[in-house]
Amino acid sequence: MLKELAKEIDKNNAEKSNYAMLEDRIAINLNQKQRFGSQATYNKAGQAIPKNGLIDSLNVDNLRINYNLPPFKEYYNSLTTNHFEMNKDYYFKQGIKEPKLYQ
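Residues numbered from 1 in each chain as written. Predicted model: local features only at pLDDT ≥ 70, side-chain atom pairs only at ≥ 80, totals over all residues. Heavy atoms only, no water.

(A) Focus on the overall build of the chain. When its secondary structure is counted, the chain shows 5 helices and 2 strands. Scanning the chain from its N terminus toward the C terminus, one meets helices and strands in the order α-α-β-β-α-α-α. With the C-alpha coordinates of the chain rotated into their principal frame, the extents come out at 50 × 25 × 25 Å. Going through the 103 residues of the chain one by one, you find that 32% of them count as buried. Each charge class in the chain was averaged separately, 15 positive and 12 negative side chains, and the resulting centres sit 6 Å apart. (Helix = DSSP H or I, 4+ residues; strand = E, 2+ residues; numbered from the N terminus. Buried < 20%, exposed > 50% of the residue type's maximum accessible area, 1.4 Å probe, protein only. Lys, Arg positive; Asp, Glu negative; His and termini not counted. Charge placed at Lys NZ, Arg CZ, Asp CG, Glu CD.)

Structure below.
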């Protein structure tokens, strides 16, 4: 499917971001690290973190830009904030009063 999606991207029939998301999803399902960091999980503090880690954390933002994805911090801070809001009662009981954002 990735090869076919790449062909459609070359024809301007598909979004690069869809390719990135699918590649990462496949990596996660194979218990591998991700290239783009599109698949998240949450640590005990409720902060979004890349599921299974990243292949190259130093260059992830350059890669994300090339595939029309938002910057890592922006994306993960949004995920963290949304997760915190949905689980606010739980985190308040744990003594966590606000989402732990990336700086």
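Here the narrative resumes, following the displayed structure.
(B) The arrangement of the packing of helix H1 (residues 2-10) against helix H2 (residues 16-29) in detail. Across the interface, H1 lies against H2 with an axial gap of 10 Å and an inter-helix angle of 170 degrees. Here H1 lies roughly antiparallel to H2, going by the angle between them. Both H1 and H2 take part in a crossing whose hand is left-handed. Mapping the contact onto sequence places Leu2, Leu5, Ala6 and Ile9 in H1 and Lys16, Asn18, Tyr19, Leu22, Glu23 and Ile26 in H2. In terms of residue class, the contact of H1 with H2 is made up of 7 nonpolar, 1 polar and 2 charged. (Axes fitted to C-alpha atoms, helices over the stretch in contact; angles between N-to-C directions. Parallel < 35°, antiparallel > 145°, perpendicular 65-115°, else oblique. Left-handed = near helix turned anticlockwise from the far one by under 90°. Contact = heavy atoms within 4.5 Å. Nonpolar A, V, L, I, M, F, W, Y, C, P; charged D, E, K, R; others polar.)

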